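Working through the structure, step by step
Spelled out from the first residue to the last, the chains are:
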Amino acid sequence: MKKLKPLFLLMVFALTSISLKAQEQNKPTQTVQIKTSAVCNMCKKTLEKRLASEKGVKSSSLDVDSKVLTVVFDSRKADADSIRKAVTETGYDADQLPADENAYNRLHACCKKGNGNR
């Protein structure tokens, strides 16, 4: 009996480790790339800060030169369309979706389309 107890504990530990590893591999993390109308580092800061508070978003990064926003998110809590909507509600175009007009009007002057930046 004393010899079986360590063997039993070892088996339980091994099965628990395998189960945890399987759960890590099945995480529903997805990545979406969104073409935006962002033009400067202030746009980058604004978008990344806004998306940090969006439910399900794990990280976001805007490449200012290409205007592409890359977002990593939990697909159980968000989807690509809700992320695009958050971008438009911040005042920027998101792929083919136009920016929300009121949000766009609140952007800093350097972030607006008419300043020769776009």
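This structure is a prediction, so every number in the text was calculated from the model and none was measured.

Judged by pairing direction, the sheet is antiparallel, and its 3 strands sit side by side in the order β1-β3-β2 without closing on themselves. Each end of this open sheet is capped by a strand with a single partner; those strands are β1 (29-35) and β2 (57-63). Here the strands of the sheet are splayed against their neighbours by 15 degrees on average, with no regard to which way each runs. In this structure, β2 lies alongside strand β3 (residues 68-74), joined through 6 bridges in antiparallel fashion. Paired with L62 across the strands is L69, a residue of β3. Contacts between helix α2 (residues 41-52) and the sheet are confined to β2 and β3, with β2 contributing the most and set at about 170 degrees to the helix.

The subject of this paragraph is the side chain of S37. Here S37 lies in the loop between β1 and α2. S37 sits in the buried class, given a relative accessible area of 5%. Within the structure, the side chain of S37 is placed 2.8 Å from the backbone nitrogen of D93, a separation counted as a polar contact.

So, on to the environment of K113. Along the chain, K113 falls in the segment after α4 (101-106). When the C-alpha positions of K113 and S37 are compared, they lie 7.8 Å apart, and in sequence the two are 76 residues distant.

So, on to the nonpolar core. The biggest cluster of nonpolar side chains holds 24 residues, and the ones touching the most others in it are C43, L51, V71, I83, V87 and Y92. Contributing elements (two or more residues each) for this core: β1, α2, β2, β3 and α3 (80-90). Excluding its chain neighbours within four sequence positions, the residues that come into contact with V71 are Q30, T31, V32, L51, V57, S59, S60 and I83.

Attention shifts here to the packing of α2 against α3. A packed helix pair is summarised by two numbers, namely the angle formed by the two axes and the spacing between the axes. Remark: α2 packs on α3, axes separated minimally by 10 Å, with the N-to-C direction vectors making an angle of 130 degrees. When the axes of α2 and α3 are compared, the pair comes out oblique. Relative to α3, the crossing made by α2 is right-handed. Note on element contacts: α3 touches α2 through I83, A86, V87, E89 and T90, opposite T46, L47, R50 and L51. Classifying every residue of the contact of α2 with α3 gives 5 nonpolar, 2 polar and 2 charged.

The rules behind the values
- Residues numbered from 1 in each chain as written.
- Predicted model: local features only at pLDDT ≥ 70, side-chain atom pairs only at ≥ 80, totals over all residues.
- Heavy atoms only, no water.
- Pairing = 2+ DSSP bridges.
- Helix = DSSP H or I, 4+ residues; strand = E, 2+ residues; numbered from the N terminus.
- Axes fitted to C-alpha atoms, helices over the stretch in contact; angles between N-to-C directions.
- Contact = heavy atoms within 4.5 Å.
- Buried < 20%, exposed > 50% of the residue type's maximum accessible area, 1.4 Å probe, protein only.
- Polar contact = N/O pair within 3.5 Å; in protein donor to acceptor, adjacent residues only side chain to side chain.
- Core = buried A, V, L, I, M, F, W, Y, C linked by side-chain atoms within 4.5 Å.
- Parallel < 35°, antiparallel > 145°, perpendicular 65-115°, else oblique.
- Left-handed = near helix turned anticlockwise from the far one by under 90°.
- Nonpolar A, V, L, I, M, F, W, Y, C, P; charged D, E, K, R; others polar.

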